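# Structural description and commentary
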Amino acid sequence: MEASGLAETSIRQENSSVWKAIWNLKVPNVEKNFLWRACHDILPSRVNLKKKKIIEDPSCPLCGREQETTVHILWQCPSAMDAWSVGSTRLQKCQTNGLDFIQIVVEVFNKCSQEDLKMFAGISRRLWLRRNEVVHGGVFLHPNTLVQQSAIAIQDFSKAHEVEQQCQATGELGMSRNWEPPERGWVKINWDASCAKGKGWMGYGVLIRDDQGNVVAAKCSTMVGNLEASVAEARGALLAVHLCKNLGLNWVHLEGDAQVVIKAVNSPEVDWSDVGLMAADIKKELQSIRHWRLSFIRRERNSAAHTLAQLALNNYMDQTWLNEFPACISQIVNTECTTPRNVLN
Ligand SMILES: [Zn+2]
């Protein structure tokens, strides 16, 4: 085999171990996919767009000094270096002059710990998102905020993963159970949050039923902005608690399909993640409710609240119904309860 052939083989072997390492990372799939695309140099950077003759000017939209290749925007651009200098020291030490992003990735994967690798994946993707934001006229996120967001996302992901494993261990996820009315004298509150790409707002749904399954109140609500799913669910829980307080309910059983939120509220520990901070707000609000509990319900059994959240999302709707409810949930409510319903048409 010739020297160049040998070098090629070793690069291929090295690359295949990098793909393996990327897929084994405990980070959201969206981040693994991003790294994979960046390594294959298929991101629509200015240089790649020029190659396809879509644009004329390949210069970096952030610094304007160099051509915008993948390795430039994610590693060499002063704007990227700022963010990497906030991150872990091991990541900072990987100052390579690789011409391709994959060379940087190989070095980082050879030198860094699993935790650093997770941060590397998160920061890389957020650098790209920030670049897109600026290109589309948005604000330039401060490097500290960018790194902080990556750290929080990692924390949220590992927590969700942990909860999933615990549930698998106890068999909770495999249990087949319909919505069940609360204990006698209690009300049950189901809530959910919905979002859709391209919409500038999120939808929330809350449904309160008594121990016979009768609807006490239903609520559709919207909030401008796009929160991460678990934070949105936490906000939905807060909305549900506010509704209970407004109605003066004192024996309340809250039920939602967001494990991370439920765990955070039920935990005595202080948690500084976004979900944790919102959980602290929820706990504070719950203090004025005499008896409460908060439990998990599988998503497919939370369909009434889910439908209300969708109704809010699709119609940008803010409305509360007392002792009645919108027609779109009548079938769900009727199958989950045997007494006649007071449905609105
Ligand atoms: Zn630049």
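Details of the structure are given in the entry above.
Report on the accompanying structure. (Residues numbered from 1 in each chain as written. Predicted model: local features only at pLDDT ≥ 70, side-chain atom pairs only at ≥ 80, totals over all residues.)

### What to know about the environment of L62
Defined as follows: Numbering goes from the N terminus for both helices and strands, where a helix is a DSSP run of H or I of at least four residues and a strand is a run of E of at least two. Comment: burial labels come from other C-beta atoms within 10 Å of the residue's own C-beta, placed from the backbone, where a count of 20 or more is buried, 12 or fewer is exposed, and between is partly exposed. Contact criterion: two residues are in contact if their C-beta atoms, reconstructed from the backbone, are within 7 Å.
For L62, the position within the fold is in the loop between helix 3 (46-51) and helix 4 (70-76). Look at L62 and you get buried, because 20 C-beta atoms sit within 10 Å. Aside from chain neighbours lying at most four places away, what touches L62 is C77, S79, R131 and V134.

### Regarding the nonpolar core
Counted only if it meets this: The term nonpolar core refers to a group of buried residues, namely Ala, Val, Leu, Ile, Met, Phe, Trp, Tyr and Cys, whose C-beta atoms join them within 7 Å.
Judged by nonpolar contacts, the single largest core of 47 residues is most densely connected at I189, V206, A234, A237, A240, V261 and L308. It is helix 10 (residues 229-246) that contributes the most residues to this core, 9 residues altogether. When neighbours within four sequence positions are excluded, A240 is seen to be in contact with I189, W191, V206 and L254. Counting 36 residues, the second largest nonpolar core, distinct from the first, contains F34, L35, C39 and V71.

### Focus on the sheet that holds strand 6 (residues 319-322)
Within a sheet, each strand pairs with its neighbour through backbone hydrogen bonds, oriented either parallel or antiparallel. Selection rule: Two strands qualify as a pair provided that DSSP identifies no fewer than 2 bridges between them. Lines fitted to the C-alpha atoms define the axes, with helices restricted to the stretch that makes contact. Angles between their N-to-C directions range from 0 to 180 degrees.
One open sheet holds the 6 strands; their spatial order is 5-4-1-2-3-6, and the pairing between them is mixed. The open sheet terminates on both sides in strands that have one partner only, identified here as strand 5 (291-296) and strand 6. With direction set aside, neighbouring strand axes in the sheet form an average angle of 15°. As judged from the 7 bridges shared by strand 1 (residues 187-194) and strand 2 (residues 201-209), these two strands associate in the antiparallel manner.

### Focus: the packing of helix 2 (residues 29-39) against helix 8 (residues 114-135)
Counted only if it meets this: Here roughly perpendicular refers to angles of 65 to 115 degrees, roughly parallel to angles under 35, roughly antiparallel to angles over 145, and oblique to all remaining angles. The nonpolar class holds Ala, Val, Leu, Ile, Met, Phe, Trp, Tyr, Cys and Pro. Asp, Glu, Lys and Arg form the charged class, and all remaining residues, Gly among them, are polar.
With their axes 9 Å apart at the nearest point, helix 2 and helix 8 run at an angle of 70° to one another. Viewed along their axes, helix 2 and helix 8 adopt a mutual orientation that is roughly perpendicular. Residues E31, F34, L35 and A38 of helix 2 touch helix 8, and the partners they reach there are A121, G122, S124, R125 and W128. Across the contact of helix 2 with helix 8, the residue classes tally to 5 nonpolar, 2 polar and 2 charged.

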